[in-house]
Amino acid sequence: MRQSRKQEHLENYLLSSHKSSNLFDEIFIGHKSITDKKFEDVDTSIEFLGKRISFPFMINAVTGGNDYANEINKDLARIANELNIPMAVGSQKVALEEKETRESFEIVREMNPDGLIISNLGALCTLEEAKEAVEMLNSNAIQLHLNLAQELVMPEGDRDFTEMKESIESVVNGLDIPVILKEVGTGISKDVGNDLYNLGVRYIDCAGKGGSNFVEIEDLRDPGLDASELYDWGIPSALSLLEVLSLKKDDLFVISSGGIRTSTEIAKSLVVGANLCAGSGEIINYLIRGGYNLALDYVKNLRHKFQIIMMLLDVSKVEDLKKVDYKVVGRLRELIG
Ligand SMILES: Cc1cc2nc3c(=O)[nH]c(=O)nc-3n(C[C@H](O)[C@H](O)[C@H](O)COP(=O)(O)O)c2cc1C
(Lines give C-alpha, C1' and ligand atoms only; values in the text may rest on other atoms or scores of the structure.)
Protein backbone atom coordinates (compact mmCIF):
# COMPACT_ATOMS: atom_id res chain seq x y z
CA MET A 1 0.00 0.00 0.00
CA ARG A 2 2.67 2.51 1.07
CA GLN A 3 4.90 1.55 -1.87
CA SER A 4 2.20 2.22 -4.45
CA ARG A 5 1.13 5.41 -2.69
CA LYS A 6 4.70 6.73 -3.04
CA GLN A 7 4.53 6.00 -6.76
CA GLU A 8 1.16 7.74 -7.09
CA HIS A 9 2.51 10.81 -5.27
CA LEU A 10 5.22 11.22 -7.89
CA GLU A 11 2.83 10.60 -10.79
CA ASN A 12 0.18 12.94 -9.38
CA TYR A 13 2.78 15.60 -8.65
CA LEU A 14 3.56 15.61 -12.38
CA LEU A 15 -0.18 15.77 -13.21
CA SER A 16 -1.00 18.51 -10.70
CA SER A 17 -1.76 21.88 -12.25
CA HIS A 18 -3.08 24.24 -9.57
CA LYS A 19 -0.98 27.40 -9.40
CA SER A 20 -0.75 29.71 -6.42
CA SER A 21 1.85 32.33 -5.55
CA ASN A 22 4.44 31.85 -2.81
CA LEU A 23 4.37 35.70 -2.58
CA PHE A 24 8.14 36.04 -2.96
CA ASP A 25 7.46 38.51 -5.79
CA GLU A 26 6.18 40.87 -3.08
CA ILE A 27 9.60 41.10 -1.47
CA PHE A 28 11.66 43.74 -3.26
CA ILE A 29 15.46 43.90 -3.12
CA GLY A 30 17.45 46.63 -4.85
CA HIS A 31 20.53 46.68 -7.06
CA LYS A 32 24.03 48.08 -6.55
CA SER A 33 25.75 49.50 -9.64
CA ILE A 34 29.20 49.91 -8.15
CA THR A 35 31.35 47.42 -6.30
CA ASP A 36 34.94 46.81 -5.21
CA LYS A 37 34.74 43.01 -5.54
CA LYS A 38 35.92 40.32 -7.97
CA PHE A 39 33.31 37.77 -9.05
CA GLU A 40 35.53 34.84 -8.06
CA ASP A 41 35.81 36.21 -4.51
CA VAL A 42 32.04 36.08 -4.02
CA ASP A 43 31.69 33.07 -1.72
CA THR A 44 28.31 31.29 -1.84
CA SER A 45 29.20 28.64 0.75
CA ILE A 46 27.72 28.38 4.24
CA GLU A 47 28.16 26.19 7.31
CA PHE A 48 25.33 23.73 8.03
CA LEU A 49 25.31 20.82 10.49
CA GLY A 50 29.05 21.16 11.02
CA LYS A 51 29.98 21.06 7.31
CA ARG A 52 30.64 23.68 4.67
CA ILE A 53 28.12 23.35 1.83
CA SER A 54 28.50 25.05 -1.53
CA PHE A 55 25.45 27.33 -1.33
CA PRO A 56 22.43 27.77 0.95
CA PHE A 57 20.16 25.23 -0.71
CA MET A 58 19.14 21.63 -0.01
CA ILE A 59 17.21 19.00 -1.88
CA ASN A 60 14.09 18.47 0.20
CA ALA A 61 12.25 15.22 0.98
CA VAL A 62 10.60 13.47 -1.95
CA THR A 63 10.60 9.73 -2.05
CA GLY A 64 11.80 6.21 -1.33
CA GLY A 65 10.13 2.81 -1.03
CA ASN A 66 10.00 1.27 -4.51
CA ASP A 67 12.18 0.63 -7.56
CA TYR A 68 11.29 3.90 -9.26
CA ALA A 69 12.01 5.82 -6.05
CA ASN A 70 15.33 4.00 -5.88
CA GLU A 71 16.36 5.51 -9.24
CA ILE A 72 15.16 8.98 -8.24
CA ASN A 73 16.96 8.87 -4.89
CA LYS A 74 20.12 7.63 -6.57
CA ASP A 75 20.13 10.57 -8.99
CA LEU A 76 19.22 13.14 -6.33
CA ALA A 77 22.03 11.82 -4.11
CA ARG A 78 24.51 12.05 -7.01
CA ILE A 79 23.48 15.68 -7.56
CA ALA A 80 23.82 16.42 -3.82
CA ASN A 81 27.25 14.78 -3.80
CA GLU A 82 28.52 16.50 -6.93
CA LEU A 83 27.35 19.95 -5.82
CA ASN A 84 28.04 19.49 -2.10
CA ILE A 85 24.56 20.30 -0.84
CA PRO A 86 22.40 18.48 1.74
CA MET A 87 19.61 16.10 0.79
CA ALA A 88 16.59 14.83 2.71
CA VAL A 89 14.95 11.52 1.78
CA GLY A 90 11.20 10.93 1.61
CA SER A 91 9.33 9.44 4.55
CA GLN A 92 11.09 6.29 5.77
CA LYS A 93 7.91 4.88 7.34
CA VAL A 94 7.64 2.41 4.46
CA ALA A 95 11.19 1.16 5.17
CA LEU A 96 10.38 0.64 8.85
CA GLU A 97 7.36 -1.47 7.92
CA GLU A 98 8.63 -3.23 4.78
CA LYS A 99 12.32 -4.01 5.21
CA GLU A 100 12.77 -4.95 1.55
CA THR A 101 12.30 -1.28 0.60
CA ARG A 102 15.29 -0.06 2.67
CA GLU A 103 17.60 -0.26 -0.31
CA SER A 104 15.76 2.61 -2.01
CA PHE A 105 16.81 4.84 0.91
CA GLU A 106 20.22 3.33 1.64
CA ILE A 107 21.27 4.10 -1.94
CA VAL A 108 21.40 7.78 -0.89
CA ARG A 109 24.18 7.15 1.63
CA GLU A 110 25.93 4.81 -0.82
CA MET A 111 26.04 7.54 -3.48
CA ASN A 112 27.09 10.24 -1.04
CA PRO A 113 29.14 8.64 1.77
CA ASP A 114 30.42 11.90 3.29
CA GLY A 115 27.54 14.24 2.48
CA LEU A 116 24.79 15.66 4.66
CA ILE A 117 21.86 13.24 4.57
CA ILE A 118 18.63 14.01 6.41
CA SER A 119 16.15 11.33 7.47
CA ASN A 120 12.39 11.84 7.29
CA LEU A 121 9.35 10.57 9.21
CA GLY A 122 5.93 11.94 10.18
CA ALA A 123 5.60 13.96 13.37
CA LEU A 124 3.54 11.15 14.98
CA CYS A 125 6.52 8.75 14.95
CA THR A 126 7.98 7.22 18.09
CA LEU A 127 11.50 7.83 19.35
CA GLU A 128 12.40 4.22 18.47
CA GLU A 129 11.22 4.71 14.89
CA ALA A 130 13.20 7.95 14.62
CA LYS A 131 16.34 6.20 15.93
CA GLU A 132 15.92 3.40 13.39
CA ALA A 133 15.42 5.87 10.52
CA VAL A 134 18.59 7.74 11.49
CA GLU A 135 20.60 4.54 11.91
CA MET A 136 19.46 3.31 8.48
CA LEU A 137 21.26 6.18 6.73
CA ASN A 138 23.75 7.30 9.36
CA SER A 139 21.92 10.61 8.97
CA ASN A 140 23.18 14.00 10.06
CA ALA A 141 19.69 15.21 11.04
CA ILE A 142 16.08 14.07 10.85
CA GLN A 143 13.02 15.87 9.51
CA LEU A 144 9.61 15.28 11.09
CA HIS A 145 6.86 16.34 8.70
CA LEU A 146 3.64 18.09 9.66
CA ASN A 147 1.15 17.19 6.92
CA LEU A 148 -2.27 17.64 8.49
CA ALA A 149 -3.99 18.82 5.29
CA GLN A 150 -2.58 15.88 3.33
CA GLU A 151 -3.60 13.29 5.94
CA LEU A 152 -7.14 14.62 6.19
CA VAL A 153 -7.71 14.61 2.43
CA MET A 154 -6.16 11.12 2.11
CA PRO A 155 -8.91 8.48 2.55
CA GLU A 156 -6.56 6.19 4.53
CA GLY A 157 -4.79 9.11 6.27
CA ASP A 158 -4.28 9.60 10.02
CA ARG A 159 -7.18 11.07 11.97
CA ASP A 160 -5.88 11.01 15.53
CA PHE A 161 -3.26 13.64 16.32
CA THR A 162 -3.76 13.74 20.08
CA GLU A 163 -0.18 12.55 20.73
CA MET A 164 1.50 14.86 18.22
CA LYS A 165 3.14 17.30 20.63
CA GLU A 166 4.34 14.49 22.92
CA SER A 167 5.85 12.66 19.94
CA ILE A 168 7.71 15.76 18.75
CA GLU A 169 9.03 16.48 22.24
CA SER A 170 10.15 12.90 22.74
CA VAL A 171 12.11 12.79 19.46
CA VAL A 172 13.65 16.23 20.00
CA ASN A 173 14.77 15.29 23.52
CA GLY A 174 15.75 11.71 22.72
CA LEU A 175 18.03 12.18 19.70
CA ASP A 176 21.49 13.66 19.76
CA ILE A 177 21.25 15.06 16.22
CA PRO A 178 19.19 18.05 15.02
CA VAL A 179 15.46 17.52 14.50
CA ILE A 180 13.90 19.67 11.78
CA LEU A 181 10.14 20.21 11.91
CA LYS A 182 8.81 20.77 8.42
CA GLU A 183 5.54 21.39 6.67
CA VAL A 184 4.89 19.90 3.25
CA GLY A 185 3.36 22.89 1.42
CA THR A 186 0.80 24.55 3.69
CA GLY A 187 3.21 26.62 5.77
CA ILE A 188 4.06 27.22 9.43
CA SER A 189 2.43 30.17 11.19
CA LYS A 190 4.03 32.36 13.85
CA ASP A 191 1.94 30.66 16.58
CA VAL A 192 2.85 27.16 15.42
CA GLY A 193 6.50 28.23 15.18
CA ASN A 194 6.30 29.44 18.76
CA ASP A 195 4.65 26.20 19.94
CA LEU A 196 7.40 24.20 18.20
CA TYR A 197 10.08 26.37 19.79
CA ASN A 198 8.52 25.76 23.21
CA LEU A 199 8.63 22.01 22.53
CA GLY A 200 12.40 22.33 22.11
CA VAL A 201 12.51 22.52 18.29
CA ARG A 202 15.42 24.63 16.97
CA TYR A 203 15.13 23.89 13.23
CA ILE A 204 11.97 24.81 11.27
CA ASP A 205 11.38 24.33 7.54
CA CYS A 206 8.42 26.57 6.62
CA ALA A 207 7.37 24.69 3.41
CA GLY A 208 4.58 27.11 2.60
CA LYS A 209 2.01 27.35 -0.16
CA GLY A 210 3.04 28.23 -3.70
CA GLY A 211 4.87 25.11 -4.82
CA SER A 212 4.01 21.42 -4.70
CA ASN A 213 0.42 21.01 -3.58
CA PHE A 214 -0.21 17.92 -1.50
CA VAL A 215 -3.94 18.50 -1.22
CA GLU A 216 -4.18 18.29 -5.00
CA ILE A 217 -1.71 15.37 -5.19
CA GLU A 218 -3.89 13.39 -2.74
CA ASP A 219 -7.13 14.55 -4.34
CA LEU A 220 -6.03 13.10 -7.68
CA ARG A 221 -5.73 9.71 -5.95
CA ASP A 222 -9.33 9.81 -4.73
CA PRO A 223 -12.06 10.59 -7.25
CA GLY A 224 -14.61 10.17 -4.43
CA LEU A 225 -13.84 13.52 -2.82
CA ASP A 226 -13.65 16.80 -4.73
CA ALA A 227 -11.22 18.70 -2.50
CA SER A 228 -10.43 21.37 -5.11
CA GLU A 229 -11.74 24.17 -2.89
CA LEU A 230 -8.85 23.33 -0.53
CA TYR A 231 -6.11 23.59 -3.16
CA ASP A 232 -5.52 27.18 -2.08
CA TRP A 233 -5.49 26.37 1.63
CA GLY A 234 -2.35 27.35 3.51
CA ILE A 235 0.12 30.10 4.26
CA PRO A 236 2.13 31.37 1.27
CA SER A 237 5.82 30.54 1.69
CA ALA A 238 7.08 34.12 1.95
CA LEU A 239 4.46 34.92 4.61
CA SER A 240 5.25 31.76 6.58
CA LEU A 241 8.96 32.62 6.48
CA LEU A 242 8.37 36.19 7.70
CA GLU A 243 6.02 34.96 10.44
CA VAL A 244 8.49 32.39 11.78
CA LEU A 245 11.36 34.91 11.57
CA SER A 246 9.24 37.43 13.48
CA LEU A 247 9.63 35.17 16.54
CA LYS A 248 13.17 36.66 16.66
CA LYS A 249 14.75 33.61 18.24
CA ASP A 250 18.53 33.75 17.74
CA ASP A 251 18.93 30.01 18.25
CA LEU A 252 16.20 29.05 15.74
CA PHE A 253 17.49 27.86 12.35
CA VAL A 254 14.89 28.74 9.72
CA ILE A 255 14.62 27.06 6.31
CA SER A 256 12.68 28.81 3.55
CA SER A 257 10.79 26.48 1.23
CA GLY A 258 7.60 25.89 -0.71
CA GLY A 259 7.83 26.75 -4.39
CA ILE A 260 11.43 27.94 -4.21
CA ARG A 261 12.46 27.60 -7.87
CA THR A 262 14.84 30.49 -8.56
CA SER A 263 18.07 31.99 -7.25
CA THR A 264 16.21 35.27 -6.74
CA GLU A 265 13.85 33.54 -4.30
CA ILE A 266 16.84 32.03 -2.51
CA ALA A 267 18.52 35.44 -2.25
CA LYS A 268 15.31 37.13 -1.04
CA SER A 269 14.88 34.42 1.62
CA LEU A 270 18.40 35.01 2.92
CA VAL A 271 18.01 38.80 2.81
CA VAL A 272 14.91 38.67 5.05
CA GLY A 273 16.71 36.36 7.47
CA ALA A 274 16.38 32.67 6.48
CA ASN A 275 19.40 30.46 7.15
CA LEU A 276 18.89 28.03 4.25
CA CYS A 277 16.47 27.26 1.41
CA ALA A 278 15.08 23.95 0.20
CA GLY A 279 13.26 22.66 -2.86
CA SER A 280 11.70 19.43 -4.08
CA GLY A 281 9.19 19.88 -6.89
CA GLU A 282 11.26 21.81 -9.41
CA ILE A 283 14.24 19.42 -9.22
CA ILE A 284 11.86 16.49 -9.66
CA ASN A 285 10.41 18.23 -12.73
CA TYR A 286 13.86 18.53 -14.28
CA LEU A 287 14.90 15.03 -13.28
CA ILE A 288 11.82 13.14 -14.47
CA ARG A 289 11.07 15.20 -17.57
CA GLY A 290 14.67 16.03 -18.57
CA GLY A 291 16.95 13.45 -16.94
CA TYR A 292 19.99 13.56 -14.67
CA ASN A 293 22.10 16.05 -16.59
CA LEU A 294 19.33 18.64 -16.89
CA ALA A 295 18.52 18.32 -13.17
CA LEU A 296 22.21 18.67 -12.29
CA ASP A 297 22.51 21.74 -14.53
CA TYR A 298 19.38 23.25 -13.00
CA VAL A 299 20.89 23.17 -9.49
CA LYS A 300 24.37 24.15 -10.73
CA ASN A 301 22.82 27.18 -12.46
CA LEU A 302 20.85 28.05 -9.32
CA ARG A 303 24.20 28.28 -7.53
CA HIS A 304 25.82 30.30 -10.32
CA LYS A 305 22.91 32.76 -10.53
CA PHE A 306 22.92 33.06 -6.73
CA GLN A 307 26.58 34.12 -6.98
CA ILE A 308 25.64 36.70 -9.64
CA ILE A 309 22.87 38.08 -7.40
CA MET A 310 25.27 38.33 -4.44
CA MET A 311 27.62 40.36 -6.64
CA LEU A 312 24.71 42.57 -7.79
CA LEU A 313 23.96 43.24 -4.13
CA ASP A 314 27.66 43.98 -3.49
CA VAL A 315 27.93 41.13 -1.00
CA SER A 316 30.82 38.66 -0.89
CA LYS A 317 29.71 36.48 2.06
CA VAL A 318 26.29 34.88 2.46
CA GLU A 319 25.94 36.12 6.06
CA ASP A 320 26.12 39.72 4.73
CA LEU A 321 22.89 39.22 2.77
CA LYS A 322 21.08 39.84 6.07
CA LYS A 323 22.38 43.45 5.94
CA VAL A 324 20.81 44.14 2.52
CA ASP A 325 17.77 46.44 2.51
CA TYR A 326 14.45 45.08 1.36
CA LYS A 327 10.84 46.17 1.12
CA VAL A 328 7.70 44.10 1.54
CA VAL A 329 4.94 45.31 -0.75
CA GLY A 330 1.34 44.54 -1.75
CA ARG A 331 -0.67 41.69 -0.28
CA LEU A 332 2.28 40.28 1.66
CA ARG A 333 2.69 43.60 3.45
CA GLU A 334 -1.00 43.63 4.36
CA LEU A 335 -0.83 40.04 5.57
CA ILE A 336 2.13 40.57 7.90
CA GLY A 337 0.17 43.46 9.42
C1 LIG B 1 6.29 13.86 -4.96
C2 LIG B 1 6.56 14.47 -3.61
C3 LIG B 1 6.74 13.65 -2.51
C4 LIG B 1 7.01 14.20 -1.25
N5 LIG B 1 7.21 13.38 -0.17
C6 LIG B 1 7.53 13.91 1.05
C7 LIG B 1 7.85 13.08 2.15
O8 LIG B 1 7.85 11.85 2.06
N9 LIG B 1 8.13 13.68 3.34
C10 LIG B 1 8.15 15.04 3.48
O11 LIG B 1 8.45 15.56 4.56
N12 LIG B 1 7.86 15.85 2.44
C13 LIG B 1 7.56 15.32 1.23
N14 LIG B 1 7.30 16.15 0.18
C15 LIG B 1 7.22 17.62 0.42
C16 LIG B 1 8.51 18.35 0.09
O17 LIG B 1 9.59 17.92 0.89
C18 LIG B 1 8.35 19.88 0.25
O19 LIG B 1 8.19 20.20 1.59
C20 LIG B 1 7.14 20.41 -0.51
O21 LIG B 1 7.00 19.74 -1.74
C22 LIG B 1 7.26 21.91 -0.79
O23 LIG B 1 8.43 22.20 -1.54
P24 LIG B 1 8.44 22.38 -3.15
O25 LIG B 1 7.35 23.35 -3.49
O26 LIG B 1 9.82 22.86 -3.44
O27 LIG B 1 8.18 21.03 -3.75
C28 LIG B 1 7.08 15.62 -1.10
C29 LIG B 1 6.91 16.43 -2.23
C30 LIG B 1 6.67 15.89 -3.48
C31 LIG B 1 6.49 16.80 -4.66
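Since this is a predicted model, take the numbers as computed values, not measurements. (Residues numbered from 1 in each chain as written. Predicted model: local features only at pLDDT ≥ 70, side-chain atom pairs only at ≥ 80, totals over all residues.)

## A few points about the overall build of the chain
Working step 1: Each helix and strand in the chain was counted, giving 14 helices and twelve strands.
Working step 2: In terms of overall size, the chain behaves like a compact globule, its C-alpha atoms giving a radius of gyration of 19 Å where 337 residues would be expected to give roughly 20 Å.
Working step 3: Each of the three principal axes of the chain carries a C-alpha extent, and together these read 60 × 45 × 40 Å.
Working step 4: Across the chain, contacts joining residues at least 24 apart in sequence account for 76% of those joining residues at least 6 apart. (Helix = DSSP H or I, 4+ residues; strand = E, 2+ residues; numbered from the N terminus. Rg over C-alpha atoms; globule rule 2.2 N^0.38 Å. Contact = placed C-beta atoms within 7 Å.)

## Thoughts on the site of the ligand
Working step 1: Near the ligand lie 26 residues; those nearest to it are Gly90, His145, Gly211, Ser212 and Gly281.
Working step 2: Mapped by element, the contributors of at least two residues to the shell around the ligand are α1 (2-15), β7 (141-146) and α12 (281-290).
Working step 3: The element that contributes the greatest number of residues to the shell around the ligand is α1, accounting for three residues.
Working step 4: Within the shell around the ligand, the residues separate by chemical class into eight nonpolar, 17 polar and one charged. (Near = placed C-beta within 6 Å. Nonpolar A, V, L, I, M, F, W, Y, C, P; charged D, E, K, R; others polar.)

## Remarks on unusual backbone geometry
Of all residues except glycine, most have a negative phi; of all peptide bonds, most are trans.
Working step 1: Unlike most non-glycine residues, Lys248 shows phi in positive territory, near 55°.
Working step 2: Within the secondary structure layout, Lys248 lies in the loop between α10 (237-245) and β10 (253-257).
Working step 3: The backbone of Asp314 sits at a positive phi, close to 60°, despite the residue not being glycine.
Working step 4: Within the secondary structure, Asp314 is located in the loop between α13 (292-312) and β12 (326-328).

## Some remarks on the nonpolar core
Working step 1: Counting 97 residues, the largest nonpolar core has Met87 and Ile204 as its most contacted members.
Working step 2: Ignoring sequence-local partners within four residues, the contact set of Ile204 consists of Leu181, Ile188, Gly193, Leu196, Val244, Leu252, Val254 and Ile255. (Core = buried A, V, L, I, M, F, W, Y, C linked by C-beta atoms within 7 Å. Buried ≥ 20, exposed ≤ 12 C-beta atoms within 10 Å, placed from the backbone.)

## Description of the pairing of strand β8 (residues 179-183)
Working step 1: Buried residues dominate β8, accounting for five of its five residues.
Working step 2: Side-chain alternation along β8 places Val179, Leu181 and Glu183 on one buried face and Ile180 and Lys182 on a second face that is also buried.
Working step 3: Pairing analysis gives five bridges linking β7 to β8, with the strands arranged parallel. Residue pairing for β8: Gln143 is matched across the bridge by Ile180.
Working step 4: Here β8 pairs with strand β9 (residues 203-205) via three bridges, running parallel. Looking at β9, one finds that Lys182 is bridged to Asp205.
Working step 5: In terms of handedness, the path from β8 via helix α8 (residues 190-198) over to β9 forms a crossover that is right-handed. (Pairing = 2+ DSSP bridges. Right-handed = clockwise from strand over helix to strand, strands pointing away.)

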